[in-house]
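Single-letter residue listing:
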Amino acid sequence: MRLLKEARNSLLLCRNKWRDRKTHVYHRCPHCRAMLRLPRRPGFHGVTCPRCGQHFDMTVK
Ligand SMILES: [Zn+2]
């Protein structure tokens, strides 16, 4: 059953990614692996993860 739930979650994420592809980017936190949704603004960003509170840098193209 766990596998089914994960499959459904990843499907949902795929759908959300597709729906938000013009406005948001999805990025995984390098510290806790949480999936973060960020506004699609090209450039270099400093991001603070809401789950673990760690700060990391990312570039949006
Ligand atoms: Zn994190």
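That block above? That's the structure.
These notes cover the structure that comes with them.

Thresholds applied
Per chain, the residues get numbers from 1 upward, laid out in the order the sequence is written. Reporting in this predicted model follows two pLDDT cut-offs: at least 70 for local features of residues, and 80 or more for side-chain atom pairs to be given and counted; totals over whole chains, interfaces and linings ignore these cut-offs and use all residues. The side-chain numbers reported here are obtained from all heavy atoms of the structure, hydrogens and water having been left aside. Metal coordination here is assigned from N, O and S atoms located within 2.8 Å of the ion, or within 3.2 Å for Na, K and Ca; omission of water means that sites may look incomplete. Under this scheme a four-donor centre is tetrahedral when all angles range from 85 to 135 degrees, a four-donor centre is square planar and a six-donor centre octahedral when opposite donors are above 155 degrees with the rest from 65 to 115, and any other centre is irregular. Buried, partly exposed and exposed residues are distinguished by accessible area as a fraction of the type maximum, computed with a 1.4 Å probe on protein chains only: under 20%, between the cut-offs, and over 50%, respectively. Numbering of helices and strands runs from the N terminus, with a helix taken as a DSSP run of H or I at least four residues long and a strand as a DSSP run of E at least two residues long. Two N or O atoms form a polar contact when they lie within 3.5 Å of each other; inside protein one atom must be a possible hydrogen donor and the other a possible acceptor, and for residues adjacent in sequence the pair counts only when both atoms belong to side chains. What makes a salt bridge here is a side-chain nitrogen of Lys or Arg within 4 Å of a carboxyl oxygen of Asp or Glu, nothing more. Note on disulfides: each one is a pair of cysteine sulfur atoms within 2.5 Å.

## Considerations on the coordination of the zinc ion
Surrounding the zinc ion are the protein donor atoms C29 (SG), C32 (SG), C49 (SG) and C52 (SG), at 2.2 to 2.3 Å. Given four donor atoms and angles of 103 to 113° at the metal, the environment of the zinc ion is assigned as tetrahedral. One chain supplies every donor to the zinc ion, and in sequence these donors are spaced C-x2-C-x16-C-x2-C. Taken as a pair, C29 and C32 share a single burial class, namely buried.

## Notes on the environment of S10
Here S10 shows up in helix α1 (residues 2–19). Engagement of the side chain of S10 in a polar contact is seen with the backbone oxygen of A7, the distance being 3.0 Å.

## Digging into the pattern of salt bridges
Between side chains of opposite charge, pairing is possible as soon as their charged atoms come close. One pass over the structure, following the stated rule, counts three salt bridges. With its nearest N and O atoms 3.1 Å apart, the salt bridge here joins E6 to R2. Of this pair, E6 and R2 are both found in helix α1, four residues apart, which corresponds to roughly one turn of the helix. The exposure class assigned to R2 is exposed, which follows from its relative accessible area of 66%. A salt bridge links D20 to R19; the shortest N-O distance between them is 3.2 Å. Among the residues examined, D20 registers a relative accessible area of 6% and is labelled buried. Bridged by salt links that share partners, the residues R19, D20 and R37 form one connected network.

## Here's the deal with the state of the cysteines
Summed over all chains, the structure comprises zero disulfides. C14 takes part in no disulfide bond, and the closest cysteine sulfur to it belongs to C32, at a distance of 20 Å. Classification of C14 by relative accessible area gives exposed; the value is 52%.

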